[in-house]
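Coordinate inspection notes
Okay, here's what each chain looks like letter by letter:
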Amino acid sequence: MKKPIFLTPQFQERIWGGTKLRTEFRYPIESDLTGECWAVSAHPNGQSIVNQGPYEGKNLGELWNEHRELFGDMEGEVFPLLTKILDANNDLSIQVHPNDEYANKHENGELGKTECWYVIDCQDDAEIIYGHTAQTKEQFIEMIENGEWNQLLRRVKVKPGDFFYVPSGTIHALCSGVLILETQQSSDTTYRVYDYDRVDQNGNKRELHIQKSIDVTTIPHQAATVKPSIEKIPGATITTFVKEKYFSVYKWEIEDSVAFHQDRPFLICSVLNGSGAIETKEGNFVIEKGTHFILPAGLGEFKIRGNVELIVSHP
Ligand code: ZN
């Protein structure tokens, strides 16, 4: 019999991180520089741990290896997705990620990294870097060499509720004052092209990866505009943000009580607002802001009750 699999996240300190994961999401973390909550992760650099039920104490990678039936017997060596919450208290480095082919060849068989962002909250004037203005590779290299960052980088204003699809090869960065939920391929490969010439407390700059960035950047930039579609059903509003090769991502805004059928290999669910309960044949479970869980294959009918907002994804 199948129950929801509740997970405890792993947290990552970052020089650009802040305190919102503690103050907004109530996670018990001490560092004032917490940048990333790896909420649903089987990546070896930070695995989430099952925190109740028959698999309590196992990490997600073990579950994937030992109980593939929970994931609809999906094929693949590694759990394919990684869900994070990112608190960009400061600007992140300007970066780009490789595709599967490049990462496999140059990064020890890692997956590539296509990602997407749901803006949970942000400052009034918040922006992100999304894409660049170079028309040719020569131009791209020249602008990097001359440090013409203002001309090269495309800035985009953001507001809460916005969604951005960021395929591998897209130059991007979160800027300060943005809190997002990220759904991405399970990969930790980032090529930094520019880090604002920042230094750490020891006076050291972070490593850049200019040549690899040039290798993998899509030139000219291709805006991957996604058009969310919104469906009203009794008791809820379902927004479909993206249905692409690596993942589909939705927002479920539950106002009352809604019945669903779990017919995917698995669903990844993150509660971003409110509280309620998930009712399954195997029992009822409280969910609240900051709860992350997987609904396994074969869960069947379930209900979500309450006033609660979730981001839901599947491969
Ligand atoms: Zn990224």
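Look up a bit, the structure's there.
Residues numbered from 1 in each chain as written. Predicted model: local features only at pLDDT ≥ 70, side-chain atom pairs only at ≥ 80, totals over all residues. Heavy atoms only, no water.

For the structure on display, the rule yields 19 aromatic pairs. With a centroid separation of 5.8 Å and 70° between ring planes, the pair formed by Phe71 and Phe79 is classed as edge-to-face. Take Phe79: its relative accessible area is 2%, and that puts it in the buried class. Ring-pair connections join several aromatic residues into one group, and the members of that group are Trp64, Phe71, Phe79 and Phe266. Across from the ring centre of Trp64, 3.9 Å away, lies the NZ or CZ of Arg68, which sits over that ring. Looking at Lys289, its charged tip hangs above the ring of Phe25, at a distance of 5.0 Å from the centre. (Phe/Tyr/Trp six-rings, centres within 6.5 Å; stacked < 30°, edge-to-face > 60°. Buried < 20%, exposed > 50% of the residue type's maximum accessible area, 1.4 Å probe, protein only. Lys NZ or Arg CZ within 6 Å of the ring centre and 35° of its normal.)

Bridge count for strand β1 (residues 5–8) against strand β20 (residues 292–296) is 3 bridges, and the pairing is antiparallel. Considered in β20, the bridge of Ile5 is made with Ile294. By the bridge criterion, 2 bridges tie β1 to strand β4 (residues 49–50) in an arrangement that is antiparallel. When the bridges of β4 are listed, Leu7 appears paired with Val50. (Pairing = 2+ DSSP bridges. Helix = DSSP H or I, 4+ residues; strand = E, 2+ residues; numbered from the N terminus.)

Taken as a whole, this structure holds 15 salt bridges when the rule is applied. Between Lys58 and Glu66 there is a salt bridge, and its shortest N-O distance comes to 2.8 Å. For Lys58, a relative accessible area of 24% translates into the label partly exposed. Under the relative-accessibility criterion, Glu66 is labelled partly exposed at 43%. For Glu127, the salt bridge identified is with Lys157, shortest N-O distance 3.3 Å. Taken together, the residues Glu127 in strand β8 (residues 127–132) and Lys157 in strand β9 (residues 153–157) connect sequence positions 30 residues apart. Exposure remark for Lys157: the relative accessible area of 58% places this residue in the exposed category. (Salt bridge = Lys/Arg side-chain N within 4 Å of Asp/Glu carboxyl O.)

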